[in-house]
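Here's the letter readout for the chains.
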Amino acid sequence: MTTHTSQSLVTEPPVWFITGCSTGFGLELAKRAIDHGYRTVMTARDPAGLEGYGATDNVLVLKLDVTQPDQVAAAVKAAQARFGGIDVLVNNAGIGYFAAIEEGEEVEVHKMFEVNVFGLTRMIQAVLPEMRKRRRGCIVNLSSLAGIRGMPALGQYCATKFAVEGLSEALRQELEPLGIKVMVVEPSGFRTDWAGRSANESAQQFDDYMATAGKVRIKVREASGKQPGDPVRAVKAIINAVGSGEPPHHLLLGNDAFEGAMAKVHELQAAYAAVETMAREADFPKPDAGAAV
């Protein structure tokens with residue numbers, strides 16, 4: 001958003017709208033945006049702990065549960081009324097869940113999809129009319145290494161993040177011709193509360209899965225608070241990527257994320273090459289170019 005004066009062209013700081021700011025990446029990202037002088041909309045299901053941040057004109061603290069359409073509409077409307085528009089939407093709100101696929105409880109899985117996929121989609125649909133009108137903006141979707149490769153105990157969580165990956169790829173192709181950027185962020189293990197209170201686990205756990213799902217669940221829980229990833233360094237990378245004007249389509253964060261993603265690329269190349277003949281033979285035969293028509 002720009003303001004014309006008789007002396008010069010004054011560009012106002014961008015408006016960042018961030019979901020899930022109570023802890024973790026969301027809170028660190030909001031703090032970093034504020035430090036940069038960006039106009040920042042901090043949202044959380046319970047914003048009581050964020051009230052201190054709203055003491056300045058450049059920060060707006062709002063109650064927002066992304067699973068509630070009325071709250072989504074009201075929050076976006078309030079942000080637009082306060083700042084005139086939204087330049088960057090960060091879909092950070094998300095929850096985890098530990099269970100082997102067979103152990104997964106339908107209510108818990110639905111809850112996770114409602115936050116991680118449908119809530120994210122709801123936010124995108126709410127901000128896009130204004131972004132399309134202005135022909136600019138950036139949407140940042142928080143995915144995970146679990147959106148690139150499946151992992152025992154995290155199958156349903158992986159499914160939500162694979163959905164975010166596919167949605168983001170299609171969204172990017174729809175929006176880039178309109179001047180709107182889309183970046184998906186893929187962290188590995190970081191010292192947030194994701195593996196703590198933010199992730200439930202199945203009540204029923206079968207012994208047959210202890211060597212696979214059970215082992216991963218225990219390992220991830222025990223590593224909570226000791227992961228190699230630094231959230232402060234991660235949000236600095238996100239801020240810099242968006243601020244570059246040409247954010248990457250995929251922003252891997254963490255050594256484990258990079259190595260895991262590259263290993264997945266090599267696995268897919270080998271797996272696809274192994275079935276090339278069967279894949280090509282599944283089409284109708286091509287007409288013989290030399291045959292008479």
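Predicted model only: the values in this text are computed from it and were never measured.

**Regarding the nonpolar core**
Proteins that are soluble and globular tend to have nonpolar side chains buried together.
Alright, step 1. Among the nonpolar cores identified, the biggest contains 39 residues, and Phe17, Val41, Leu89, Met123, Leu128, Met131 and Ile139 are the most heavily contacted of them.
Alright, step 2. Secondary-structure elements contributing two or more residues to this core are strand S3 (15-18), strand S5 (59-63), helix H2 (69-83), strand S7 (96-98), helix H3 (106-134), helix H4 (155-175) and strand S9 (180-187).
Alright, step 3. Per-element accounting of this core gives the leading share, 9 residues, to H3.
Alright, step 4. Non-local contacts of Phe17, meaning those with residues more than four positions away in its chain, are made with Val41, Thr43, Leu64, Ala75, Val76, Ala79, Ile86, Val88, Leu89, Val90 and Met123.
Alright, step 5. Membership of the second largest hydrophobic core comes to 29 residues, among which are Cys21, Leu27, Leu29 and Met42.

**Remarks on the pattern of salt bridges**
One side chain can pair with another of opposite charge once the charged atoms of both are near each other.
Alright, step 1. Counted by the stated rule, this structure contains 11 salt bridges.
Alright, step 2. A salt bridge links Glu12 to Arg39, with the shortest nitrogen-to-oxygen separation between them at 3.9 Å. Note that Glu12 is positioned in the loop between strand S2 (9-11) and S3 and Arg39 in strand S4 (residues 39-44), a separation of 27 residues in sequence.
Alright, step 3. Look at Arg39 and you get buried, because its relative accessible area is 6%.
Alright, step 4. Linking Glu267 and Arg149 is a salt bridge whose minimum nitrogen-to-oxygen distance equals 3.0 Å. Of this pair, Glu267 sits in helix H7 (residues 255-274) while Arg149 sits in the loop between strand S8 (137-142) and H4, and the two are 118 residues apart along the sequence.
Alright, step 5. Three or more residues are tied together by salt bridges with common partners; here these are Asp87, Glu130, Arg134 and Arg136.

**Regarding the pairing of S8**
Alright, step 1. Of all the 6 residues making up S8, 6 are buried; the element is thus mostly covered by neighbouring parts of the structure.
Alright, step 2. Of the two faces of S8, the one holding Gly137, Ile139 and Asn141 and the one holding Cys138, Val140 and Leu142 are both buried throughout.
Alright, step 3. In terms of strand pairing, strand S6 (residues 88-91) meets S8 through 4 bridges, oriented parallel. Looking across to S8, one finds that Leu89 is bridged to Ile139.
Alright, step 4. Note: S8 against S9, 6 bridges, orientation parallel.

**Some points on the packing of H3 against H4**
Alright, step 1. For the pair H3 and H4, interaxial distance at closest approach is 9 Å and the crossing angle is 15°. Overall, the two elements H3 and H4 adopt an arrangement that is roughly parallel. H3 and H4 meet at a crossing whose hand is right-handed. Mapping the contact onto sequence places Val109, Met112, Phe113, Asn116, Val117, Leu120, Thr121, Ile124 and Leu128 in H3 and Gln156, Tyr157, Ala159, Thr160, Lys161, Ala163, Val164, Leu167, Leu171 and Leu175 in H4.
Alright, step 2. Across the contact of H3 with H4, the residue classes tally to 14 nonpolar, 4 polar and 1 charged.

**Details of the state of the cysteines**
A covalent bond bridging the sulfur atoms of two cysteines is what the word disulfide describes.
Alright, step 1. The tally for this structure, following the rule as stated, stands at 0 disulfides.
Alright, step 2. With no disulfide of its own, Cys21 lies 16 Å from the sulfur of Cys138, the closest cysteine sulfur.

**Re the packing of aromatic side chains**
Alright, step 1. Here the structure, examined in full by the defined rule, presents 2 aromatic pairs.
Alright, step 2. Ring centres of Trp16 and Tyr38 lie 5.7 Å apart, and the angle between their planes is 10°; on these two criteria the pair is classed as stacked. Of the two residues, Trp16 is situated in strand S3 and Tyr38 in the loop between helix H1 (24-35) and S4; the sequence distance between them amounts to 22 residues. Take Trp16 and Tyr38: they sit in the same class, and that class is buried.
Alright, step 3. Note on Phe206 and Tyr209: the rings are 6.4 Å apart at their centroids and 50° apart in plane angle, and the pair reads as tilted.
Alright, step 4. Residue classification places Phe206 among the partly exposed residues on the basis of a relative accessible area of 27%.
Alright, step 5. Given the relative accessible area of 25%, Tyr209 is considered partly exposed.

Conventions adopted
Residues numbered from 1 in each chain as written. Predicted model: local features only at pLDDT ≥ 70, side-chain atom pairs only at ≥ 80, totals over all residues. Heavy atoms only, no water. Core = buried A, V, L, I, M, F, W, Y, C linked by side-chain atoms within 4.5 Å. Buried < 20%, exposed > 50% of the residue type's maximum accessible area, 1.4 Å probe, protein only. Helix = DSSP H or I, 4+ residues; strand = E, 2+ residues; numbered from the N terminus. Contact = heavy atoms within 4.5 Å. Salt bridge = Lys/Arg side-chain N within 4 Å of Asp/Glu carboxyl O. Pairing = 2+ DSSP bridges. Axes fitted to C-alpha atoms, helices over the stretch in contact; angles between N-to-C directions. Parallel < 35°, antiparallel > 145°, perpendicular 65-115°, else oblique. Left-handed = near helix turned anticlockwise from the far one by under 90°. Nonpolar A, V, L, I, M, F, W, Y, C, P; charged D, E, K, R; others polar. Disulfide = S-S within 2.5 Å. Phe/Tyr/Trp six-rings, centres within 6.5 Å; stacked < 30°, edge-to-face > 60°.

By themselves, these observations are geometric and do not establish any function.
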